Amino acid sequence: MSQLDYDKSKAIYKQIIEDFQKQLIRGTLNPGDKIPSQRDYALKVSVNPNTVQRAYQELERIGLTETIRGQGTFVKADTAMITEIRQEMADDILDRFFAEMNSLGYSKEQITEIVNHRLMEMKGAISND
Amino acid sequence: MSNSKLKMFTKLYLKDLHEVTAEILIVVIGVALVTAGFLLGSEQNAPLMILPLVLLLGLAGLLPLISSFKLLSREWSQNTVYLVMSLPVSGAMILGAKMAVLLTQYIGGTLLITLSSYLLYVTKLSQYLTPQQPGLMMLYNNPQLLQSLLAFYLSGLVFLAFLCCTSFFSQIAGKLSARFSGLVTAATFVITLILSGKILDALGTGSNELYHMMIQISGDAANYISNMNMSSLSYFVLAVILFILAAVIYDRKLEL
Amino acid sequence: MIEFDHVGKRFGSVQALDQLSLQFGPGKIIGLFGPNGAGKSTAMKMIAGLNQPDSGHVLVDGQKPRQSRDKIAFLPEIDYLYGWWTLKQAADFMRSFYADWDDNKYTELLGFLNLREDMKIGKISKGQRAKCKLLLTVSRRAPYLLLDEPLSGIDILTREEIINTLIRDFREGEQTIIISTHEINDVESLVDEVFFIDQGRIVVSGSAEELRITQGLSLVEIMKEAFRNVQQ
């Protein structure tokens, strides 16, 4: 796990949860894997242990992790859950995208056009490699 | 783990002792040099060593007073007072450890010089004094002389303690004023000495009487001893009062 | 719990603390933020029993601060150790005065902070001295840890070591750490609760995370906002 590069204007515990979710989506964390203890994680990312505790508690509450006494905390999420999270995160990004584009005055058609155009460019860039 | 008061006091004592290393060394090295001087030197030069010894004696008596100012003021100038004032101990213990160091300095220094003087006498000077009562025999045969000497020494010790307590009290009073602390310290010191003198004169145990006693050393020994002891007692009581005042102000009123 | 109840403190013509009322709850890392001269050091010294309020009162677990000195580990900004001490002598001294001294913690942190017992306090670098001060303070299992500008003038790597030491040893629920600093940036992620103080008064306070959520700003930005408003 790399250093958490967090945005100081947003709740840190939420960003810890997000980071965890991203790792699940990317596959760097898999169901059944053991995650670091709260203290170890707090040290790793230089964050207050209370904040880490809040994040871990929330992760457990939404069912992504479970703590087994005497053994540690493990990833509980299954592939179905991970897919759902991936979808939710994508939705959030899209919501923000649409909101921003709207505020710039782009219509639905313009957005579709601009997105397709960009995708073409990226494909081209990839195939030219 | 027991943190006995004795252990804490000892730590404070050792720490303060280290702070006056320079003053202790002055006396120790001085005595060592003089002793080496008359032990290794010629018979004729030996009597010349008496003067340095007397001077060193004066120094041994005076340096503790100077140290008393250094011991307290340094805590503030070096900011170690933040450490000391945060310790979970009373001002009495803090000041008590410093007083113990000052007394150690005085007793150690004067004893060292006394030993050196006796050594000088025994090795080089015995020929100059009456052969009938050489050395310590003089004291054994004349208990009143011994008592007088002890009373004299004790009064010197108590007077030093009194001066040091006045020093502590003055410095702590000085610290109550942020801007004029030096002035307040000096003024308090002088005023306290003058007032003490006046109080003791009124009680009949003051410096006038003391002076007369000292020059009458060959007179009535018993009277001399009791007067010395009365003087010691008076200065002791004054010293205790000043010490308590200093400790109370330190505990309740001093701020950083 | 530490409680300030309408505390006033004046130094000459400067009102250092002005009707200050606050509570530092147990088990949290608390940030006391504000510009230089805001009253942070004065407040901390008051908790440590090194000065007294002119009006109002301060209580530490219901007692006067001077009676609670054995529960408080205060780390002042200035150099307060004897220069001729070695680290070993300093530790030995502390050990004799505080029943809560933890030798295992001391030895462990000695290694963690890369310090040697034979280091002479007066001869080492500023960063090493800061680490020594921290070591001596944190090796006590004191319920209240007061750190006055623990990171100022310290190089970045040493700062990280200091922050990590605090995280590593923090006993949530049992220990309260109060950090006063004007460099909020360094401790953004470290504090649970914050108190912004200016000219002896609290201008903003609350849970760090809640403030971030409700205002959408970092603590640094919140402080800038708060002081801009005060100056108007």
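Because the structure is a prediction, the values reported are computed rather than measured. Per chain, residues are indexed from 1 in the order of the written sequence. Just so you know, chain letters begin at A and ligand numbers begin at 1, following the order they were written in. Where totals are concerned, whole chains, interfaces and linings use all residues; where local detail is concerned, this predicted model gives features only for residues with pLDDT of at least 70, and gives and counts side-chain atom pairs only at 80 or more.

S.K.: Got a minute to help me understand the interface of chain A and chain C in this structure?
M.R.: The parts lose accessible area when they come together, and the size of an interface is often stated as this lost area. In this complex, chain A contributes 15 residues to the contact, which on the side of chain C involves 20 residues. Secondary structure elements are taken from DSSP: a helix is a run of H or I of four residues or more, a strand is a run of E of two residues or more, and numbering for both begins at the N terminus. Put simply, the parts of the chain that give the side of chain A that touches chain C at least two residues each are α1 (12–26), α2 (38–45) and α3 (49–61) of chain A. It is α3(A) that contributes the most residues to the side of chain A that touches chain C, four residues altogether. Here the residues of the side of chain A that touches chain C sort into seven nonpolar, six polar and two charged. Once C-beta atoms are placed from the backbone, any two residues with those atoms within 7 Å are in contact. Three classes are used: nonpolar for Ala, Val, Leu, Ile, Met, Phe, Trp, Tyr, Cys and Pro, charged for Asp, Glu, Lys and Arg, and polar for all others, with Gly counted as polar.

S.K.: Explain the environment of C:L166 here, please?
M.R.: Among the secondary structure elements, C:L166 is positioned in helix α5 (residues 156–169). Along the sequence, C:L166 and C:K64 sit 102 residues apart, while their C-alpha atoms lie 27 Å from each other.

S.K.: Can you help me understand the domain arrangement of chain B in this one?
M.R.: All names here are of chain B. According to the domain assignment, chain B contains domain 1 (1–135) and domain 2 (142–256). Contacts between domain 1 and domain 2 engage 18 residues on the former and 15 residues on the latter. Sorting the residues of the side of domain 1 that touches domain 2 by element identifies α3 (50–77), α4 (81–86) and α5 (91–125) as the ones contributing at least two each. For the side of domain 1 that touches domain 2, the residue count by class is 13 nonpolar, five polar and no charged. In this entry, domain limits derive from an automatic or database-based domain assignment.

S.K.: Help me understand the domain arrangement of chain A in this model?
M.R.: Residues and elements named next belong to chain A. On domain assignment, one finds that chain A holds domain 1 (12–77) and domain 2 (80–128). Between domain 1 and domain 2, the C-alpha centre-to-centre distance is 29 Å. The interface of domain 1 with domain 2 comprises five residues on the first partner and five residues on the second. For the side of domain 1 that touches domain 2, a count of residues per class yields four nonpolar, one polar and no charged.

S.K.: What should I look at first to understand the packing of α3(B) against helix α7 (residues 143–175) of chain B in this one?
M.R.: Each pair of packed helices can be summarised by the angle the axes make with each other and by the distance between the axes. Residues and elements named next belong to chain B. Contact geometry of α3 with α7 gives a least axis separation of 9 Å together with a crossing angle of 25°. Judged by the angle between their axes, α3 and α7 are roughly parallel. Crossing of α3 against α7: the hand is right-handed. Contacts between α3 and α7 involve G61, P64, L65, S68, F69, L72 and S73 on the former and, on the latter, G156, L160, L163, C164, S167, F168 and Q171. Considered class by class, the residues forming the contact of α3 with α7 number eight nonpolar, six polar and no charged. Lines are fitted to the C-alpha atoms to define the axes, a helix being fitted only along its stretch in contact, and any angle between axes, read from their N-to-C directions, falls within 0 to 180 degrees. Angles are sorted into four bins: roughly parallel if under 35 degrees, roughly antiparallel if over 145, roughly perpendicular if 65 to 115, and oblique for all others. Handedness of a crossing follows from how the near helix is turned relative to the far one, being left-handed for an anticlockwise turn of less than a right angle and right-handed for a clockwise one.

S.K.: Is there a simple way to explain the confidence of the model for chain B in this structure?
M.R.: Residues shown with low pLDDT carry predicted positions that ought not to be read at fine detail. Think of pLDDT as the predictor's per-residue confidence, scored from 0 to 100. Confidence along chain B averages 86 in pLDDT terms, with 86% of residues attaining 70 or more. Our summary of model confidence lists the complex with pTM equal to 0.87 and ipTM equal to 0.93.

S.K.: So what exactly am I meant to see when it comes to the sheet that holds strand β6 (residues 144–148) of chain C here?
M.R.: Two pairing modes exist for strands in a sheet, parallel and antiparallel, and in both the strands are linked by backbone hydrogen bonds. Residue and element names in this part refer to chain C. Taken together, six strands build an open sheet; the order of strands is β5-β6-β7-β3-β8-β9 and the sheet is mixed. Since the sheet does not close on itself, it has two edges, and those belong to β5 (72–75) and β9 (201–207), each with one partner. The sheet shows a mean angle of 15° between the axes of neighbouring strands, direction not considered. We call two strands paired when DSSP finds no fewer than two bridges between them. As judged from the five bridges shared by β6 and strand β7 (residues 176–181), these two strands associate in the parallel manner. Bridging across to β7, Y144 finds its partner in T176. Its contacts with the sheet put helix α7 (residues 208–215) on β8 (193–198) and β9, and the angle it makes with β9 is roughly 90°.

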